[in-house]
Amino acid sequence: MSWFKQILPSRNKTNGSTRRTVPEGIWTKCHVCQAVLYRAELERNNEVCPKCGHHMRISARVRLESFLDEDNREEIGADVKPVDILKFRDGKRYKDRLNQAQRKTGEDDAMVVMSGTLKGLPVVACAFEFGFMGGSMGSVVGERFVRGVETAIELNASLICFSTSGGARMQEALFSLMQMAKTSAAIAVLRNYKLPYISVLADPTMGGVSASLASLGDINIAEPNALIGFAGPRVIEQTVRETLPAGFQRSEFLLEHGDIDMIVDRRQLRDRISKLLSILTHRSVTA
Amino acid sequence: MNFLDFEQPIAELEAKIEELKHVGNDKEINITEEITRLKKRSRELTKSIFSVLTPWQVSQIARHPQRPYTLDYIDRIFTDFEELHGERYFADDPAIIAGVARLDGKPVAVIGHQKGRDTRDRIKQNYGMPKPEGYRKALRIMQLAERFNLPVLTFIDTPGAYPGIDAEERGQSEAIARNLMVMSELKTPIIATVIGEGGSGGALAIGVADCLLMLQYSTYSVISPEGCASILWKSADNAKEAAKAMGITAQRLHELKLIDRIIEEPLGGAHRSFDDMANKLKLALVEELEQLRSMPTPEVVLQRQNKFRQIGEFKQ
């Protein structure tokens, strides 16, 4: 610190990174366009910035509650809870990380599944909770997803999954890798029942989740400007030692390369998906 | 012979034996006895070092530059091998070898990752890291196998699927995901063997099987120990701890019931005797295949689906 700064009274010192200009709770700032937004308005807008359209991360439960019809929602697999089978420990115990994530998000693990209706159409919807250890897929995520698939088959319903995940959960090691096979195998069964599966890829969808259930939709939909890919941009950069092209691994890039069917604004997902399901299942929507 | 760090005592003994052999040629003194004694000691030393290997040391053996690769096994285990190339869309990926052959006289399909032995081959085979076209070639051969009633035998040995710009552009995720889905209900028996490095999704993409075998000193994990360490420990130097925490060895994974069988390696590792290793693996493959062949195919598929349905540890 320079001598000049040292003699300044402390209230005159500003530090952009630590000083909060926006009190938490009532106001929030869009980190893309820097607009100061009224929290309640942002919530009404599905966590999409009303000024620039930036899609902020949205919790699994809020996502499902705003997506499904208000009535007939029923949670699936809530009784499935994580265990630390490997007694995994890096700097921190996996058990403690789980506890911490549970306190932070109010969820037991990184996925919430509900059955319900979408404009009257029977659906099962799954959503990753990114706030829970980066939405990583371990045994609980795999089991809940598969139970969602099984419920869809039982109810003759369509399946929708909202992915946002860094990939497999390292703390469950090979168990989490095997969830890729487990969830993909369940989708194969669903297909045999000719029930539609719509995969919605939100920011970010990477690694083991991208390389399994998220890429296997009958229709793959991405939210705008979501990072979607197998390997992370940093790993790729280190491997190929080149600068990545602009927009690499973003939704628009994926659409151009044929990986996804469409990019849909979060606020239109209810309308667009119900329209698609109505066509695929030969049923009509209410309202 | 290349020796790893922890094998240095063995290397020194072996060097001494070599030296004595030359001396023996020059002089009249009979040193055969001494050589026999030293060889015995070397064997015992190897046995004792190899009986207490850490997961990190095992991962070094799994990645040993002289370890037998898929083609080394194909040469020794199968007859009538015909390599088949390409996925019919874009290109042939030399990081995955695929083809048809005979095992003990009976027709099979063979698919495996291939690492290069020298620099030229390593570059050509991209260090055993497939691109989407490699996985799509594997898929094509699996579906061909299904149509013609050939059991599928796969050999896993990869650091992982290639993390490159072109691989992402051509849908690396989709290629892997599709293989997982199709393999889960492929109507023919599948046996997968991890022969070296089982690296994450890039390994699993040819690893959804009725029967999963691992060679004694091979590894299988969701991420490399270095990758795990650099994320969780913030430094790749903690790879040893990561290797231990993740439980990447055949022994640990067998205890966790994630693999079906361990194939014992020759003393000092598979690279000490390709023939011996191939022989043991062949016997195991023939045995497992016989068992799968004794079941009607729909039952094999149902059993495979149930197996993957059950994987996972949670409470409720």
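Owing to the predicted nature of the structure, the values given are computational and were not obtained by experimental measurement. The residue numbers shown here count from 1 along each chain, following its written sequence. A letter from A marks each chain and a number from 1 marks each ligand, given out in the order of writing. The predicted origin of the model limits local features to residues at a pLDDT of at least 70 and limits the giving and counting of side-chain atom pairs to 80 or more, whereas totals for whole chains, interfaces and linings rest on all residues. With hydrogens and water stripped out, all remaining heavy atoms of the structure feed into the side-chain values.

## Quick word on the environment of Ile191 of chain B
Residues and elements named next belong to chain B.
Thought 1: Relative to the helices and strands, Ile191 resides in strand β5 (residues 190–199).
Thought 2: Residues Ile191 and Cys211, 20 residues apart in the sequence, show an inter-C-alpha distance of 4.9 Å.
Thought 3: Two residues form a contact once any of their heavy atoms are found within 4.5 Å. Not counting residues up to four positions away in its chain, the partners in contact with Ile191 are Val152, Leu153, Thr154, Ala209, Cys211, Leu213, Leu285, Glu288, Leu289 and Leu292. Where helices and strands are cited, they refer to DSSP runs of H or I of at least four residues and of E of at least two residues respectively, numbered from the N terminus.

## Thoughts on the interface of chain A and chain B
Thought 1: On the side of chain B, 46 residues touch chain A, which itself brings 58 residues to the contact.
Thought 2: Of the roughly 4500 Å² buried between chain A and chain B on both sides combined, carbon and sulfur atoms contribute 71%.
Thought 3: A pair is scored as a salt bridge if a Lys or Arg side-chain nitrogen falls within 4 Å of a carboxyl oxygen belonging to Asp or Glu. Scanning the region where chain A abuts chain B turns up 2 salt bridges.
Thought 4: Polar contacts here mean pairs of N or O atoms no more than 3.5 Å apart (in protein, one a potential hydrogen donor and the other a potential acceptor; neighbouring residues in sequence count only if both atoms are side-chain atoms). Across the contact surface, chain A and chain B share 15 residue pairs in polar contact (both at pLDDT 80 or more). Note on terms: buried area is the combined drop in 1.4 Å-probe accessible area of two parts once they are placed together, counting the loss on both.

## Let's talk about the packing of helix α10 (residues 225–233) of chain B against helix α11 (residues 239–246) of chain B
Two quantities define a packed helix pair, namely the angle between the helix axes and the distance between the axes.
Residue and element names in this part refer to chain B.
Thought 1: Axis geometry follows a simple rule: fit a line to the C-alpha atoms, using only the stretch in contact for helices, then measure angles between N-to-C directions, giving values from 0 to 180 degrees. Orientation of α10 relative to α11, taken along the N-to-C sense of each, is 100°, at an axis distance of 8 Å. On the basis of the axis angle, α10 is roughly perpendicular to α11. The residues of α11 that touch α10, namely those facing Pro225, Glu226, Cys228, Ala229 and Trp233, are Ala239, Glu241, Ala242, Ala243, Ala245 and Met246.
Thought 2: Here the contact of α10 with α11 is composed, by residue class, of 9 nonpolar, no polar and 2 charged. Should an angle lie under 35 degrees it is considered roughly parallel, over 145 roughly antiparallel, and from 65 to 115 roughly perpendicular; all remaining angles are considered oblique. Amino acid classes used here: Ala, Val, Leu, Ile, Met, Phe, Trp, Tyr, Cys and Pro are nonpolar; Asp, Glu, Lys and Arg are charged; the rest, including Gly, are polar.

## Regarding the packing of helix α6 (residues 173–192) of chain A against helix α8 (residues 172–183) of chain B
Thought 1: Contact pair α6 of chain A / α8 of chain B: the axes reach a minimum separation of 7 Å and the direction vectors enclose 65°. Looking at the two axes, α6 of chain A sits roughly perpendicular to α8 of chain B. Between α6 of chain A and α8 of chain B the crossing geometry is right-handed. In contact with Met180, Ala181, Ser184, Ile187, Ala188 and Arg191 of chain A of α6 of chain A, α8 of chain B contributes Ile176, Ala177, Leu180 and Met181 of chain B.
Thought 2: Partitioned by chemical class, the residues of the contact of α6 of chain A with α8 of chain B number 8 nonpolar, 1 polar and 1 charged. Crossing handedness is read from the near helix: turned anticlockwise from the far helix by less than a right angle, it gives a left-handed crossing, and turned clockwise, a right-handed one.

## Considerations on the confidence of the model for chain A
Fine structural detail should not be taken from predicted coordinates in areas where pLDDT scores are low.
Thought 1: Summary statistics for chain A give a mean pLDDT of 93 and a share of 91% for residues scoring 70 or more.
Thought 2: The predictor rates its confidence in each residue with pLDDT, a number between 0 and 100. In this model residues 16–20 of chain A is a low-confidence stretch, pLDDT under 50, and it forms 1 contact with partners more than four residues away in sequence or in other chains.

## Points about the nonpolar core
Thought 1: Only buried Ala, Val, Leu, Ile, Met, Phe, Trp, Tyr and Cys residues count toward a nonpolar core, and they belong to the same one when joined by side-chain atoms within 4.5 Å. Under the scheme applied here, a residue whose accessible area is under 20% of the maximum for its type counts as buried, over 50% as exposed, and between as partly exposed, the area being computed with a 1.4 Å probe on protein chains only. Ranked by size, the top nonpolar core spans 112 residues in total, and within it Phe145 of chain A together with Tyr220 of chain B carry the most contacts.
Thought 2: It is α6 of chain A that provides the largest number of residues to this core, a total of 11 residues.
Thought 3: Once residues lying within four places of it in the same chain are set aside, the contact partners of Tyr220 of chain B are Leu174, Leu177 and Met178 of chain A together with Val194, Gly198, Ala203, Leu204, Leu212, Met214, Ile248 and Leu253 of chain B.

## Thoughts on the packing of aromatic side chains
Thought 1: Working definition: rings of Phe, Tyr and Trp (its six-membered ring) pair if their centres are within 6.5 Å, and the pair is stacked with planes under 30 degrees apart, edge-to-face with planes over 60 apart, and tilted otherwise. What the rule picks out here adds up to 9 aromatic pairs over all chains.
Thought 2: When the ring of Phe88 of chain A is compared with that of Trp233 of chain B, the centres are 6.5 Å apart and the planes differ by 55°; the resulting orientation is tilted. Of the two residues, Phe88 of chain A is situated in the loop between β4 (81–82) and α4 (94–105) and Trp233 of chain B in helix α10; the pairing between them involves two chains. Comparing Phe88 of chain A with Trp233 of chain B shows no difference in burial state: the two are buried.
Thought 3: With a centroid separation of 6.3 Å and 70° between ring planes, the pair formed by Phe145 of chain A and Tyr197 of chain A is classed as edge-to-face. Of the two residues, Phe145 of chain A is situated in helix α5 (residues 139–155) and Tyr197 of chain A in strand β8 (residues 197–206); the sequence distance between them amounts to 52 residues. A single burial state applies to Phe145 of chain A and to Tyr197 of chain A, both of which are buried.
Thought 4: In this structure, Arg57 of chain A is placed above the aromatic ring of Phe130 of chain A, and the distance from its NZ or CZ to the ring centre is 4.2 Å.
Thought 5: Whether a charge sits over a ring comes down to the Lys NZ or Arg CZ being within 6 Å of the ring centre and within 35 degrees of the ring normal. The positively charged end of Arg117 of chain B is found above the aromatic ring belonging to Tyr69 of chain B, 4.0 Å away from the centroid.

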